[in-house]
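Residue-level structural notes
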Amino acid sequence: RTLKKYMLLCVSLVMTGVLAGCVYEPVENVDYLNVIVIDEPDTGGDGQSAEQTGYHYSFVVTGLDEDEDIQTKENVYEVDAFTLEEACRSYNETHSKVLDISHTEYIVLGDVDILDNVCQELESTFATSYVNVVIEKNILEKTGNNNTKEYLKSHYEGACLATLKR
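Throughout what follows, the structure given in this document is the object of discussion. (Residues numbered from 1 in each chain as written. Predicted model: local features only at pLDDT ≥ 70, side-chain atom pairs only at ≥ 80, totals over all residues. Heavy atoms only, no water.)

**With respect to helix α3 (residues 84–94)**
Applied cut-off: Using a 1.4 Å probe on the protein chains alone, a residue whose accessible area is under 20% of its type maximum counts as buried, one over 50% counts as exposed, and one in between counts as partly exposed. Helix and strand assignments come from DSSP, with helices taken as H or I runs of at least 4 residues and strands as E runs of at least 2, each series counted from the N terminus. When we speak of the arc, we mean the arc of directions from the helix axis to the C-beta atoms.
Here α3 has its buried residues at Leu84, Ala87, Cys88, Ser90 and Tyr91. Around the axis of α3, the buried residues are gathered within 155 degrees of arc, so they sit on the same side. Every exposed residue of α3 that faces more than 90 degrees away from the buried side is listed here: Glu85 and Glu93.

See below:
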């Protein structure tokens, strides 16, 4: 009987630990990725290809602002990486908040060749999400200080990532 109580206690403690690991991060500890921009890296004219240097990822991130009058703020994080996973890992290593990609609504690609090269990773990453894909160069320069997601919504009609096939 004592052994049974001991086993129940152990199971309860283990389950408490396991379930605690399944809890979502508090909203204050998360940055929400709304737009991903993937383009050729700036190689300074040395002729290197994306296969040698990776792509230039720009993350348009929405987070809470300390200013009480402004609920959210938009920041852009830029990094050269070979994969989206590597770019996300770089963000998490350099920021105090965790990047949440589940709220991504737009992926903007510099050209169709980039889409061909990254499509498989994007499809597996966003398999259950509704994400619009837009092919457009220099989108961040075009949006200026405007909200990038709202700008894309009002100026571009994207194709749903789930419907794109090679």
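**As for the side chain of Ser58**
Definition in use: N or O atoms within 3.5 Å of each other form a polar contact, as long as, within protein, one can give a hydrogen and the other can take it, and as long as residues adjacent in sequence are counted only when both atoms are side-chain atoms. Contacts are residue-level and defined by heavy atoms, with any inter-residue pair within 4.5 Å sufficient.
With respect to the helices, strands and loops of the structure, Ser58 is situated in strand β2 (residues 55–64). Separated by 3.4 Å, the side chains of Ser58 and Glu78 make a polar contact. When neighbours within four sequence positions are excluded, Ser58 is seen to be in contact with Val35, Ile36, Val37, Val76, Tyr77, Glu78 and Leu140.

**A few points about the packing of aromatic side chains**
What counts here: Only Phe, Tyr and Trp rings are paired, with Trp represented by its six-membered ring, and only when their centres lie within 6.5 Å; those with planes under 30 degrees apart are stacked, over 60 edge-to-face, the remainder tilted.
Applying the stated criterion to the full structure yields 4 aromatic pairs. Ring plane angle 65 degrees and centroid distance 6.5 Å describe the contact between Tyr57 and Phe59, whose orientation is recorded as edge-to-face. Accessibility classification places Tyr57 together with Phe59 in one group, the buried group. With a centroid separation of 6.2 Å and 55 degrees between ring planes, the pair formed by Tyr151 and Tyr156 is classed as tilted. A connected cluster of aromatic rings, assembled from ring pairs, spans Tyr57, Phe59, Tyr77 and Tyr91.

**A short note on the pattern of salt bridges**
Selection rule: The salt bridge criterion pairs a side-chain nitrogen of Lys or Arg with a carboxyl oxygen of Asp or Glu, the two atoms within 4 Å.
Following the criterion strictly, the structure yields 5 salt bridges and no others. Two residues, Asp39 and Lys137, come together in a salt bridge whose shortest N-O distance is 3.2 Å. Of the two residues, Asp39 sits in strand β1 (residues 30–39) while Lys137 sits in the loop between β6 (132–135) and α5 (139–143), which places them 98 residues apart along the sequence. Judged by its relative accessible area of 39%, Lys137 falls in the partly exposed class.

**Quick notes on the pairing of β1**
Filter applied, for reference: Only strands joined by at least two bridges in the DSSP assignment are considered to pair.
Most of β1 is tucked away, with 9 of its 10 residues classed as buried. As paired elements, β1 and strand β4 (residues 98–100) share 3 bridges and run parallel to each other. Within β4, the residue paired with Val30 across the bridge is Val98. Two elements, β1 and strand β5 (residues 106–109), share 4 bridges in a ladder whose sense is parallel. Paired with Val37 across the two strands is Val108, which belongs to β5.

**Let's talk about helix α4 (residues 112–125)**
Selection criterion: By this rule, a helix spans an expected 1.5 Å times one less than how many residues it contains. Here the bend at each residue means the angle between axes fitted to two seven-residue stretches, the one ending at that residue and the one beginning there.
Between its first and last C-alpha atoms α4 spans 19 Å; for 14 residues at 1.5 Å apiece the expected length is 20 Å, and the two agree. The largest bend along α4 reaches roughly 60 degrees and is located at Val118. Listing the buried residues of α4 in full gives Ile114, Leu115, Val118, Cys119 and Leu122.

**What to know about the nonpolar core**
The test is simple: Buried Ala, Val, Leu, Ile, Met, Phe, Trp, Tyr and Cys residues that are joined via side-chain atoms within 4.5 Å together make up what is termed a nonpolar core.
Core analysis: the largest hydrophobic core is formed by 27 residues, its most contacted members being Ile36, Ile38, Tyr57, Phe59 and Ile107. Of all the elements in the fold, those that place two or more residues in this core are β1, β2, β3 (72–81), α3, β5 and α4. Considering each element in turn, this core owes the most residues, 5 residues, to α4. Core analysis: the next-biggest nonpolar cluster, separate from the first, contains 9 residues, Val35, Val108, Val134 and Ile139 among them.

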